[in-house]
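# Descriptive analysis of the structure
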Amino acid sequence: MDTDGVDGATALQQRWHALRTVPGSLPSYEDMVLGGLGRHADNTALVATSGYEPLAILWGGTRFERWLGQEIQSLEIERLPADIAHGVREITHNALQSQIPATIHCIRARQGTIESTGLLALPLASRQGVPFVLLFIEGVTSRLDLVDAIFRATNQGMLALSAVRDSQGQVSDFTILALNEGAARLLQRPVSDLCLQRLSSVVSNLSATNSLQRLAQILGDGGRGSFEFTYPTISGRHIDFKVEVGCIGDLLAITLADISDVKAREASSRLLFESNPIPMWLFDPESLRILRVNDAAVAHYGYQRERFEEMTLLDIRPSDEWEAVRSMVDHLSDVNGLSSLWRHLKADGSLIEVNTFARTILFEGRSAVLTAAIDVTERRQAEARVAYMAHHDALTDLPNRILFRERLEAALAHIRHHGGELGLLCLDLDNLKLVNDTLGHPAGDEFLREAASRLQHCLPDGDLVARLGGDEFAILHFNAEGRQNIVALADRVVDAFNKPFVIQRQQIVSGASVGIAIAPADGTTTDVLLRNADMALYCAKAKGGRTYRLFNVEMDNRLQARQVMEQDLRQAFTEGQLDVHYQPIVSLQEGRISGCEALLRWRHPVHGYVSPAEFVPLAEDIGLIEPIGEWVLDRACREAATWPEHIKVAVNLSPAQFNSGKLVDCVRSTLSRSALNPERLELEITESVLLLKNETTMSALHQLRALGVRIAMDDFGTGYSSLSYLRAFPFDKIKIDRSFVRELGENKHSTAIIRAIKGLGRSLGNMTVAEGIESIEQLQLLKADGCDEVQGYLLSRPVPAVELRQTLATWRPYNIEIAT
């Protein structure tokens, strides 16, 4: 290195700092340059500037001119070589901006040589304030052979080969003229062992490959080329090389790259592709042609491999998806993990749904898309089935409550925006419980399926019927044109269910009650419309069923009144407002009281006595009848324990009391607490209890008989199959319904029925009791027909316990003369 240069740079910087008398100011050009450079003048040049940018080199020393390679006479910066101009601009800008000396290494490339020259820039100003920059060359210029530097620095293997020709001038081998450390490392031999060696002696399997021919061809063509070959090392390991070849006269420049890892990955990918159990293929994104398929794809799709690899993507897609396929491929660039759902055609013509996953890879030197296809047909069908089941009734396949509400809400929204009417019909079926209890639940299921079928046949196109649960169904009647259409539909439904069902070769008499609400008149929201239709249904059932009712405001009033009565009844029971009255039962043979029937009474604090026909069904509906029934039983037994021992007490049982399974225990504990002889207790049941004829009900009746309690059938003759009930259970007493007694002597059929019942009772060993006696004539006729006991207003109304005790104390036996 030029010591003078270094010393010169140091000396100039010291002088520059000495002349900078005011901090932040610049030394003057005159003080620094004129007469002050001395022996350093040859290495300097003065640059005129504008702003922070150099304009021209005004003058320069001899060495500076040699470095530039040209004379300096106001040399404009634009006329400098680009590499020097770049360095001068950068150092000038730095010095003027920082207001202190700046340094830089200016790099030049000349004829394959890299030159590096150090520059020092001193910012100056004339006495008039014009800025200048004094440039100084530091030390000597270092030079580096560029090709040699690259040749030695790169990790890639680089070789220079010279052709060896035979007597005919044909290339028979190559000599390694030069190589770098990278090539020696890849070939796993020292540079000294390889330099000037024949290529065939270095690459042992050269003759077994076409590499020599490829090199000779490139040399003969005078161009460039590339190929791959496998090199066996001395250690026995094989290395896969990619060879890049360039021709320079009769020489070849070779670049070697180790691609062993790439080849291993390719082999692994090929193995993964071919042995993968998931169907896979490669396709050309431009032509859509399928390039390769694996065994799984051949097996799953059923195409022969040769046929498969002649097809395009469109051949395995239904024609209505071709445009979508083209659009998808047109937007492919670099696919990585793209997932989509498609329909594919198998060889047998069947359609499957597949989830495809795709990514772009290189295949045989070109871009291709690797696709994996997972068949999700069964899963999608299962998902669709689950979604369907979530919205449909499993038994009848009708829409369920969830879907029905969704459709109803959508229909109401349509009405709000576009007008029109919508009919909502809610209906209940009769006798489902009877079918389940008598024929079994499979028969009940068959009954419901047949009911669903009848409802569907009643509907016009576009209407919707749904099963809401149990025996509850609902219909949405769209595009209703006035109430007449809706009423006509309700008529069809009622008529359809009046026809008997044949279930397990038995006729079932059913029926349907229908409640109708019409939007928007009867409600514009789902909940309001359903509530009003339910209200109309309740009124239809209250009228005896098998009919329909249209909602009106009065129904709402009645419902509210019922809700008030429900609250009052609950309060009456809790606060002890209920009472038990007793109606004497008289023996026709003895003319004396043989028993009393306990009858529930409710005296409302505002409305007075409420008829049991009103509040007892309400108590059954709201689940209050069981505790009330237990209370009546307990009250009646305690009271009867105070009567003469020949007088029995009769207590009515509700069908609901049999449902709990606690009835027998309740009767047993009540008898124990009251110390009443079980033979003095008569339990009256109606035929509706025997509609529940199952093991639990019949077992309870037999257990009650085993306690010594007597069982009576009340309201005999008004049900569907009383005779079969008499056969099913040995009753102690039959009570003839008051409807027959009322027409006694006026209707010959009623008289005949009473005589038949008495005759039936006698043959079965049952006592018979006639209710509702209101005249002496009725008494005489009943005695003449052999009836055992009677009760009615003629003999005594139901009275409170206190009055009954007086009646029992003052009652005198009397003889009833038979009319002649």
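Residues numbered from 1 in each chain as written. Predicted model: local features only at pLDDT ≥ 70, side-chain atom pairs only at ≥ 80, totals over all residues. Heavy atoms only, no water.

What follows deals with empty space enclosed by the protein. One pass over the structure, following the stated rule, counts 4 cavities of 30 Å³ or more. Roughly 150 Å³ of volume is contained in the largest cavity. The wall of the largest cavity is formed by 13 residues, among which Leu199, Val203, Phe229, Ile254 and Leu256 lie closest to the centre. Across the lining of the largest cavity, the residue classes tally to 12 nonpolar, 1 polar and no charged. (1 Å grid on protein atoms, 1.4 Å probe; cavity = no way out; pocket = protein on both sides within 12 Å on 5 of 7 lines; lining within 4 Å. Points joined across faces, edges and corners; volume = space filled by probe spheres on them. Nonpolar A, V, L, I, M, F, W, Y, C, P; charged D, E, K, R; others polar.)

Over the atoms, a rolling probe the size of a water molecule traces out where space has been left empty. What the second largest pocket holds in volume is close to 1000 Å³. Along the walls of the second largest pocket sit 36 residues, with Leu599, Pro612, Val616, Asn652 and Asp714 positioned nearest its centre. Listing elements by their share of the lining of the second largest pocket, those giving two or more residues are strand S25 (593-604), helix H21 (612-621), helix H22 (625-640), strand S27 (648-652), helix H23 (655-659), strand S28 (681-685) and strand S29 (710-716). Here the residues of the lining of the second largest pocket sort into 16 nonpolar, 11 polar and 9 charged. (Helix = DSSP H or I, 4+ residues; strand = E, 2+ residues; numbered from the N terminus.)

Another aspect to go through is helix H16 (residues 432-439). Of all the residues in H16, the buried ones are Leu432, Val435, Asn436 and Leu439. Within H16, the buried residues cover an arc of 105° as seen down the axis, which keeps them to one side. If you follow the buried residues of H16, they end up packed against helix H17 (441-458), strand S20 (501-503) and strand S21 (506-508). Note on H16: the residue one or two positions beyond its end, Gly440, has a positive phi of about 100°. (Buried < 20%, exposed > 50% of the residue type's maximum accessible area, 1.4 Å probe, protein only. Arc of directions from axis to C-beta. Contact = heavy atoms within 4.5 Å.)

Looking now at the packing of H22 against helix H24 (residues 663-674). The geometry of a pair of packed helices is captured by two quantities: the angle between their axes and the separation between those axes. Relative to each other, H22 and H24 sit at 30°, their axes nearing to 9 Å. By the angle class used here, H22 and H24 are roughly parallel. Judged by the twist between their axes, the crossing of H22 over H24 is right-handed. On H24, the residues that touch Glu630, Leu633, Asp634, Cys637 and Arg638 of H22 are Cys666, Val667, Thr670, Leu671, Arg673 and Ser674. Looking at the contact of H22 with H24 residue by residue, the class counts come to 5 nonpolar, 2 polar and 4 charged. (Axes fitted to C-alpha atoms, helices over the stretch in contact; angles between N-to-C directions. Parallel < 35°, antiparallel > 145°, perpendicular 65-115°, else oblique. Left-handed = near helix turned anticlockwise from the far one by under 90°.)

One pass over the structure, following the stated rule, counts 27 salt bridges. Lys735 is the partner of Glu684 in a salt bridge, and the nearest nitrogen-oxygen pair spans 2.8 Å. Taken together, the residues Glu684 in strand S28 and Lys735 in strand S30 (residues 733-736) connect sequence positions 51 residues apart. A relative accessible area of 1% places Lys735 in the buried class. In this structure, Arg755 engages Asp785 in a salt bridge whose closest nitrogen and oxygen atoms are separated by 3.0 Å. Taken as a pair, Arg755 in helix H29 (residues 748-764) and Asp785 in the loop between helix H30 (776-784) and strand S32 (789-790) lie far apart in primary sequence, 30 residues in all. (Salt bridge = Lys/Arg side-chain N within 4 Å of Asp/Glu carboxyl O.)

Time to look at the sheet that holds strand S10 (residues 238-248). Across the sheet, 5 strands lie side by side as S8-S7-S11-S10-S9; this open sheet has antiparallel pairing. The sheet is open, and its two edges are formed by strand S8 (171-179) and strand S9 (224-232), each paired on a single side. Geometrically, the sheet is characterised by an average inter-axis angle of 35° between neighbouring strands, direction not taken into account. Where strand S7 (residues 157-165) meets strand S11 (residues 251-258), 6 bridges bridge the pair, whose relative direction is antiparallel. Residue pairing across strands places Met158 opposite Thr255, the latter belonging to S11. (Pairing = 2+ DSSP bridges.)

Right, let's talk about the sheet that holds strand S23 (residues 548-550) for a bit. With mixed pairing, the 5 strands of this open sheet are ordered in space as S18-S19-S17-S22-S23. Sheet topology places strand S18 (464-469) and S23 at the edges, where each strand pairs with a single neighbour. Strand-to-strand twist across the sheet, computed as the mean angle between neighbouring axes with direction ignored, equals 20°. Relative to strand S19 (residues 472-477), strand S17 (residues 422-429) runs antiparallel, the two sharing 6 bridges. Its bridge partner lying in S19, Cys426 is registered against Ala474. Sitting on the sheet, helix H19 (residues 526-542) is in contact with S17, strand S22 (512-519) and S23, with an inclination near 145° to S22.

Treat this as a map of the structure, not an account of what it does.
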